[in-house]
Amino acid sequence: MLFARLAALLLLPLALASCVLSPGKFTSTLTIDADRHFAFSYAGEVINAEADNGATTNDGDDPKQAAREKARKKAEADVKNRALAAALSKEAGYRKVAYLGDGVFMIDYAISGTLDHSFVWPFNIDAEVILPFVAIELRQDGIVRVKAPAFGDEGSKGAPAMSGMPGGEMMKGPNRLDGTFILDTNATIISQNEEAGVQSAGGRNIIVWHATPALKSAPTAVLRLGS
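Computed from a prediction, not measured in an experiment: that's the story for all the values here.

Caption draft 1: Structural context of the overall build of the chain. A count of helical and extended segments in the chain gives two helices and 13 strands. Partitioning the contacts of the chain with sequence separation of at least 6, the portion at a separation of at least 24 is 64%. Per element, the accessible surface of the chain, about 11200 Å² overall, is 53% carbon and sulfur.

Caption draft 2: A look at unusual backbone geometry. Cis geometry is found at the peptide bond from Trp121 to Pro122, where omega equals -10°. Within the secondary structure, Pro122 is located in the loop between β5 (119-121) and β6 (129-130). The backbone phi angle of Asp102 is positive, close to 55°, even though this residue is not glycine. Looking at where Asp102 falls in the secondary structure, it is placed in the loop between β3 (94-101) and β4 (104-114). Its identity as a non-glycine residue notwithstanding, Asp141 has a phi of 60°, on the positive side. Within the secondary structure, Asp141 sits in the loop between β7 (134-138) and β8 (143-147). For Asp141, a relative accessible area of 69% gives the class exposed.

Caption draft 3: Quick peek at the sheet that holds strand β10 (residues 188-192). Strand order in the open sheet made by the five strands is β5-β7-β8-β13-β10, with antiparallel pairing throughout. In this open sheet, the two strands that pair with only one neighbour each are β5 and β10. The sheet shows a mean angle of 15° between the axes of neighbouring strands, taken without regard to direction. One ladder, built from four bridges, connects β7 with β8; its direction is antiparallel. Pairing of Ile136 across the sheet is with Val146, part of β8.

Caption draft 4: Examining the pairing of strand β9 (residues 178-185) more closely. Two elements, strand β1 (residues 19-32) and β9, share eight bridges in a ladder whose sense is parallel. The partner of Thr29 across the bridge, within β9, is Ile182.

Caption draft 5: Seen up close, empty space enclosed by the protein. Summed over the entire model, instances satisfying the criterion amount to two cavities of 30 Å³ or more. Size it by volume and the second largest cavity reaches roughly 40 Å³. Taken together, Leu21, Val46, Leu88, Tyr94, Ile107, Trp121 and Pro122 make up the lining of the second largest cavity.

Caption draft 6: Summary view of the packing of aromatic side chains. Tallying each qualifying case throughout the model produces 17 aromatic pairs. Measuring from centroid to centroid gives 5.0 Å for Tyr99 and Phe105, while their planes differ by 45°, and the two rings are tilted. Look at Tyr99 and you get buried, because its relative accessible area is 18%. Feature note: the residues Phe26, Phe38, Phe40, Tyr42, Tyr94, Tyr109, Phe119, Trp121, Phe133, Phe151, Phe181 and Trp209 constitute an aromatic cluster, connected by ring pairs.

Caption draft 7: Spatial organisation of the side chain of Glu194. Mapped onto the elements, Glu194 comes out in the loop between β10 and β11 (199-201). The side chain of Glu194 is buried and forms no salt bridge, while Lys216, the nearest opposite charge, is found at 14 Å. Here the side chain of Glu194 touches Ala196 through a polar contact of 2.9 Å, landing on its backbone nitrogen. Setting aside residues no more than four positions away along its own chain, Glu194 makes contact with Ile207, Val208 and Trp209.

Caption draft 8: Just the environment of Ser118, in detail. By the element assignment, Ser118 lies in the loop between β4 and β5. When its relative accessible area of 33% is taken as the criterion, Ser118 is described as partly exposed. For Ser118 and Val146, which are 28 residues apart along the polypeptide, the C-alpha to C-alpha distance reads 9.9 Å. In this structure, Ser118 is in contact with Ile136, Glu137 and Leu138, ignoring residues within four places of it in sequence. A polar atom in the side chain of Ser118 sits 3.3 Å from the backbone nitrogen of Leu138.

Rules used throughout
- Residues numbered from 1 in each chain as written.
- Predicted model: local features only at pLDDT ≥ 70, side-chain atom pairs only at ≥ 80, totals over all residues.
- Heavy atoms only, no water.
- Helix = DSSP H or I, 4+ residues; strand = E, 2+ residues; numbered from the N terminus.
- Contact = heavy atoms within 4.5 Å.
- Areas by Shrake-Rupley, 256 points an atom, 1.4 Å probe, with all protein chains shown as cover.
- Buried < 20%, exposed > 50% of the residue type's maximum accessible area, 1.4 Å probe, protein only.
- Pairing = 2+ DSSP bridges.
- Axes fitted to C-alpha atoms, helices over the stretch in contact; angles between N-to-C directions.
- 1 Å grid on protein atoms, 1.4 Å probe; cavity = no way out; pocket = protein on both sides within 12 Å on 5 of 7 lines; lining within 4 Å.
- Points joined across faces, edges and corners; volume = space filled by probe spheres on them.
- Phe/Tyr/Trp six-rings, centres within 6.5 Å; stacked < 30°, edge-to-face > 60°.
- Lys, Arg positive; Asp, Glu negative; His and termini not counted.
- Salt bridge = Lys/Arg side-chain N within 4 Å of Asp/Glu carboxyl O.
- Polar contact = N/O pair within 3.5 Å; in protein donor to acceptor, adjacent residues only side chain to side chain.

Quick look at the structure:
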């Protein structure tokens, strides 16, 4: 499975200075046409979910020493996060990457192309990004599977293959998750897990997931493309 393979690959640098990113407030749209054209966009907050961004201290520390240590760790985290912003901004599709402080980034990302391969976002080799927000798996016979692991409660536990593995404790619950994920397609929808179902407009099918901590199942859909 794509997600199991991705989990194994992405866990390799986890013991290093990897970045566990999670969504905050956002709007994201994925358009998939039956002729294999696709477009993906994400606009909103991205949060470095690494524990307190390195700013925690021991409760038994001297108050003044603890304050200095917290300030030092926060400064280090800010340097790392600014470096992360610089790494992401070099990647095609990022129209805006701004670090706002306290581990919060403002992202404007958009990309389009032909769906002749699988697609995962975000993934950046330099930034060593862990846990994809959205993944598209292209299968045989024009079947496409879409899953957004980070847009539901499943995202707090990481991909299934990460369960119980080193680094799993870094996967914090998505308590700041507040967004909308839209799938817009004219392909045949084989299955999807949004309770409100599919809306039709202008000959297209639209599914809207409201991504909050209350969404227990990650947005998922299976499509069949045209010949």
